[in-house]
Each structure stands twice: as structure tokens, then as C-alpha cells.
Number of protein chains: 2
Amino acid sequence: MNFDLLSRFHGVIPAGGVGTRLWPLSRASAPKFLHDLTGSGSTLIRATYDRLVPLAGERIMVVTGRAHRGAVVSQLPEICHEDLVLEPEPRDSAAAIGLAAAILYRRDPNVIMGSFAADQVIEPVEVFQATLREAIYTAATGKIVTLGIHPTQPSSGFGYIQSGEPLQIPNAPTARSVIQFVEKPDEDTARKYLATGGFLWNAGMFVAPVGLLLKHLEINEPELYDGLMKIADAWDTEQRDTVLGEVWPGLPKIAIDYAVAEPAAQAGDVAVVPGIFNWDDVGDFAAIGRLNKGSAEQGIINLGGEAVRVYADNATGVVYSDRPRVVALVGIEDVVVVDTADALLVTTKEHAQKVKQTVEALKADGEHEVL
Amino acid sequence: MNFDLLSRFHGVIPAGGVGTRLWPLSRASAPKFLHDLTGSGSTLIRATYDRLVPLAGERIMVVTGRAHRGAVVSQLPEICHEDLVLEPEPRDSAAAIGLAAAILYRRDPNVIMGSFAADQVIEPVEVFQATLREAIYTAATGKIVTLGIHPTQPSSGFGYIQSGEPLQIPNAPTARSVIQFVEKPDEDTARKYLATGGFLWNAGMFVAPVGLLLKHLEINEPELYDGLMKIADAWDTEQRDTVLGEVWPGLPKIAIDYAVAEPAAQAGDVAVVPGIFNWDDVGDFAAIGRLNKGSAEQGIINLGGEAVRVYADNATGVVYSDRPRVVALVGIEDVVVVDTADALLVTTKEHAQKVKQTVEALKADGEHEVL
């Protein structure tokens, strides 16, 4: 039975999101998930895929923008045509993940899917996989199961999941009920959450029977549900592109949290499995500094490889360059230098979050080519 | 007589010195004097030449390295072959300036020469020219005349000239005797100099009868003198290159200050004319910031021209890039970003002097191609 249950599991990797705070390294044409930001030798999407293989085998679907088809296939050469869902344009996460659920449901209504963003860093993978295994067992009891991250600081940058009682599920000893999802709090509230206990970061990772996910989508977003089912009906036929082209552009734009997770939690259909693995969404260059600390030489993290020769005199920080060259840093602490063919960013780790505003200013100025 | 006297004046422009503290903008293949560092539209050597024309006409000689021949001719298309002295290799300032003096002396022993480095910024030019005129009248009385700069701060970066009594020379009312040259002092000593008064910065600018200059060179550096006269004898003949190639590499390396100025001052042969013009040797990127203050937009000085689009969010400083691109600066005050094809420097104005050490480190590491 265990074997049967795990064989129902399919991984889904939504690969969207430009990673604006990592501009100009990450940009529309080469978003975050296509980069190796941890020095592991793997891009984030490749690492995400590899993390799922021990549980999902080749049953992994990727949902991404049409423009990234070539890059994704070159990262994941084993992915088959039917499991690569190319969005004609972005319609937010409920459409992306919902379409994957609908296609999988049409193929087999017993599928349990797990959705994991392509641009997160998780380790050790074995701990993640043990957590995921518990989540699959929990989902099989008829739950949408979020993987909650143990907060390491009172962050105001993430939503939280308030966990309730243990669910006493065989093979899922740590699964608990969910009392509520809470939106990004202010820092004081976040501090109270940590003091109270039982609050976990919502990293958007969840495991669910596709039928249950679609049931909540139908209740809360019937128009979106109808459109997705129409596309799913055509998916494994010659009509795929025609129907996708007709229906997709009219789909409502809404995040999966609002369309499914929060209403399902209110209905008592959501559980949580706390993950004690290290998790990072690589939100900005300060995160890149953190994640590459091990490879720092005299306080300098060189993401550009050997051809980039960094000389630091009383300087520390993160350097990326896409060309062979000398980069000299003199007298700046925690500097961030990102050098690409058409754009150069110089900032400090402290200001890493503000890169987003710069990208907005560039957009407002019509500098689309460098974004 | 005044006309005759001024017609004896020849300008000499030693154009050497890489300007290490301005790396990677200024480098062996494109030294400081070949750049427009003030946003004036002229390179420093072109501006130096133009400053001398009202007094020297076309009687201006340039001494530079062989490698810079093409660049100098393109900057100074009016210069004739006989007045472009190309050093086979650098032998310090006494050889460079002494050779110019020797060549001019062989052509006409009555020449009064004025030597002005190619990489200094002076304004207003009219004040400089009035000072220079006084210096020429003073030199004609048989003096080596330095142009002393009114110190604007107790700098420990320059040598000083201690001036003495007024010399009462017609047409040179401000000329004074020189008590001594003093080497770069520490800051406390420099402060005392300013409090005492009569101390001027030695900017290496001087005017002298070529015969008097050569007389002191002969006394103090007879070997150098002999070699230079040998080259000068051959200069305006077909033997020029042969003799230059034979003699030049063996010449003693010594600065003109030690070979001529200081011993001449002890002999009572040196005068000074104080200059009240603004003077800057553009020693580092902080100086570039100072000199371009007028062109700053919201605290950013863009030396890269229009193709370089600078976006600053809570940032100020100096940006140079030799390519069209976006440069985004976020949250750094007084930053200096210098972006060339093979080298990128990021520092702050405060650390601008330390760029020299970085260049030394690069040299020690064999990074000659980027220097």
C-alpha cells in the first residue's frame, strides 16, 4: 500500500517570477531559477527537480513561460513534452498550478500533487524528502498539506501558518491541523508569533490530492476552474495549442493562496507538516551572500568563476560578472557588484531589498532592454 | 624689447606618468594626460598646450613615450616632427626635461623654456598666463623661476617652496627669491607652513633660460648632461634615432628637482612667482569628483557620456564607463565606479588614494594586461 500511495505522487514545479531584487543578474530573459546562485553547480530549477526525483521519479511537471522553453529543456533534458506546461503569458499562480492539477486530474483523478517553486534553496535534501513523505501520507487522508518552515527570525517578509493539534496520521507523526494562514505581519507581531510558538513560515510549498484542490478552486473561482478544465480536456489532444490560446488569456489572475489555500483552511481541509530543513527563497543579494558564505575568500564571494579576478583591499561582499575581467574593490564593506553586458549594479547588502525600486525606475524610464 | 623677450620663450610639455591612482581609467596604454577628466571637452594635454599658445605660439615641444606618439599627434595635430621628443623608455624627469633643454639650446642658446606637466588642471587660464609672463621676465634676469601654488590646505602630498624677499623685477612685481625647497612634509608641519606664510606648493612648473638649466645639470649630473648634449647634437640630423637609441638607455634616472632645482636654489639661482590660479594635479578620483562638481546631477558625476545611463537611489559619486550601459547605484555615498573593458574598479572617494596599492597588487600578480 505504501508503494501504491507514493506512486500516486507527482511533482509540479511552477517556474515563474523574475526575481526583481536580483537584477541585473536575474531578469525577464534569464530569471532567478535559471541561475546557480549557491555555487552548487546546479541552477535552482535543476536542484528543485533533483530534490523531487527520489519521491516522484520522472512524474514531474514544470509550468513556465513560453520564452523559457529552451532554457528549461536544456536544464531538464529528461522532461517530456506532455509534462512541460508553457504559459502563453503570466496569469498568476492559481492559473499556473491549477492547470497542472487539472491536467493531472484528467490523466488520473487519484494523483497527489506537490507544488514546489523553482527558485528556492533547501537543504539537507534528505530532511526535505522526509518531510515531503509525511506530507504525502497526510494528503492521502484528504488534506491539502502545506510544508511549514520553522522561522529563524521574526521576519515581516513572509506569511505565517498557525498550526493546531497533531493529526495522529500513520507515517506522518509531525502533521498538524492548520488554524489559519496569516498575511505578512509587522515585525512586532512576528516576534509575538515566535514567542507563542506554533507559527511557521508559509513558503508556498504544498501537497494535495488534485481532486481536493480542484474542488476548492471550483467553489472559490468557478470561472478559473471552468477555463482550466477546458484546457486540460484538450491537453493530451491535437487541440492543446488552440484551446490554450483561446482560453488562457481570459483567465482570472489570482494567487493560489487566495483561490485555494486560505478558503480550504477555513473549511478545515488544510494540514501542515513542519519542515526543519534550511530554506531560503534567495530574495536578494544579501541572501546570496548568506548562501555562499562557505565559498568566501577573505570576505569576497565571487559568483563569476575563475575568469573574474577579484582584488579586494579592505573590502568584502559579493561580486558577479558575466565576462572575464579584473574587479577591484577598495574600502567598501558588504558591497554588491553585479556586472552584466548591458547593466552594472553597485549596492551594499544592507540595501539589497531596494534593488526592486531601481528596476521599477528603469521600467518607468523605458529601459526595457536591460530588464 | 618686450616682444623680443617673449619671442625667446618656448613651452615644453613633459607627458609621462601613468596616473596610477586613476586606474583603470588611466593606464599605461592610455595615461591620464590623454583623458578629458574635467568635462571640458579637451584632454589634459590638449588643454595644457592651449594654455601655452598665447605666450609660446607654436614654439611648444612635447616629451613623451614612444607608445603615445599616435595619441599625442591626434591630440596635437599642429605639432611638428622636430618638436615631438619620443623617449625610447622612461628615464625620469631630469632626462626628459633636460633633453628638451639641450635640443632647444643647440638651436638657440638664448631660449627661455617653460616646463609644464601635461596632466594638470589650471584655471582661469588668463591668471596662469599673467603669472607665466612674470616668470618669463624673471627668468630673463638669469633665474630658474618656479611657479608656486598658493596652498589651499595643509597638504602632505606636495613639496613646498619657501619664498623670500621680493626681487623688484620690472614687469614681474610678484617675483620673489627662493629660500629653499622642502620635501613633502607631514600634516602638522604643513599646517605650520600655512600659518607662517610664504610657503607655496611646488607643482613642478618652472621657467628658465636653457643655458642656466644646463649649467646646473652639468655641475650636478655631468654624466646625464654629457649624454643629453650628445643626443641634442644629433637631434636635427639623420643620426637622431641612432644616437638616441645608443645613449638614452644608459642615462642616469633622476628627478629634475634633485638634478637642477634644489642645487640651483642653494646657489641662489632660483626665484618664485606665486600663482593665484586654481590648480589641481587630478591625483585621484576624489579630485575628479571635485573638478566635475558643476556637472553633477543629483550628486552623480557621469564621465561616461550620454550612452551611460546612471540610476542612483540614495547614492552619490563618480561613474565612468567606456561602453553604453545602465549603471545602477543603490545606497552608497561618494562611490567611485570605473568600468573599462577588462577591469572594473569600485571604491569610495575616501579611499581614492589607495587605488595605487591595488595597482601594485595587480602588478605583483602578473595582471599586466589590465594595467
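This is a predicted model, so every value here is computed, not measured.

What follows covers the sheet that holds strand β17 (residues 343-348) of chain B. With respect to topology, 6 strands assemble into an open sheet ordered β13(A)-β15(A)-β17(B)-β16(B)-β14(B)-β12(B), the strand pairing being mixed. Edge positions in the sheet fall to β13 (308-313) of chain A together with β12 (300-302) of chain B, since each has one partner strand and no second. The mean angle between the axes of side-by-side strands here comes to 10°, regardless of whether they run parallel or antiparallel. Two strands pair when backbone bridges link them, and strand β15 (residues 325-330) of chain A and β17(B) are joined in this way by 5 bridges, in the parallel orientation. Across the sheet, the residue bridging to A:Val327 is B:Leu344, located in β17(B).

Every contact between the two is made by 35 residues of chain B and, on the other side, 35 residues of chain A. For chain B, the biggest contributors to the area lost against chain A are B:Tyr311, B:Val330 and B:Leu344; these three give 22% of the whole. Across the contact surface, chain B and chain A share 4 salt bridges. A salt bridge links A:Asp339 to B:Arg325; its shortest N-O distance comes to 2.8 Å. Of all the elements in the fold, those that place two or more residues in the side of chain B that touches chain A are β13 (308-313), β15 (325-330), β16 (335-339), β17 and α12 (355-364) of chain B. Classifying every residue of the side of chain B that touches chain A by side-chain character gives 18 nonpolar, 8 polar and 9 charged.

The next subject is the domain arrangement of chain A. All names here are of chain A. We note that the domain assignment places domain 1 (2-280) and domain 2 (295-370) within chain A. Just the C-alpha atoms count here: the centres of domain 1 and domain 2 sit 31 Å apart. Each partner contributes to the interface: domain 1 provides 6 residues, whereas domain 2 provides 15 residues. For the pair domain 1 and domain 2, the number of links is 1 salt bridge. For the salt bridge of Asp342 with Arg27, the shortest nitrogen-to-oxygen distance reads 2.9 Å. Here domain 1 and domain 2 share 5 residue pairs in polar contact (both at pLDDT 80 or more) between them. By residue class, the composition of the side of domain 1 that touches domain 2 is 3 nonpolar, 1 polar and 2 charged.

Taken as rigid bodies, chain B and chain A are interconverted by a rotation of 180° and an axial shift of 0.0 Å, the fit giving an RMSD of 0.1 Å. In symmetry terms, the pair is related by a two-fold rotation axis. Using C-alpha coordinates, one finds that chain B approaches the rotation axis most closely at B:Val346, a distance of 4.1 Å. Most of the interface of chain B is mirrored in chain A, where 100% of its interface residues again form contacts.

Criteria and thresholds
- Residues numbered from 1 in each chain as written.
- Chains lettered and ligands numbered in written order.
- Predicted model: local features only at pLDDT ≥ 70, side-chain atom pairs only at ≥ 80, totals over all residues.
- Heavy atoms only, no water.
- Pairing = 2+ DSSP bridges.
- Helix = DSSP H or I, 4+ residues; strand = E, 2+ residues; numbered from the N terminus.
- Axes fitted to C-alpha atoms, helices over the stretch in contact; angles between N-to-C directions.
- Contact = heavy atoms within 4.5 Å.
- Buried area = accessible area lost by both parts, 1.4 Å probe.
- Salt bridge = Lys/Arg side-chain N within 4 Å of Asp/Glu carboxyl O.
- Nonpolar A, V, L, I, M, F, W, Y, C, P; charged D, E, K, R; others polar.
- Domains from an automatic or database assignment.
- Polar contact = N/O pair within 3.5 Å; in protein donor to acceptor, adjacent residues only side chain to side chain.
- Least-squares fit on C-alpha atoms with pLDDT ≥ 70 in both.

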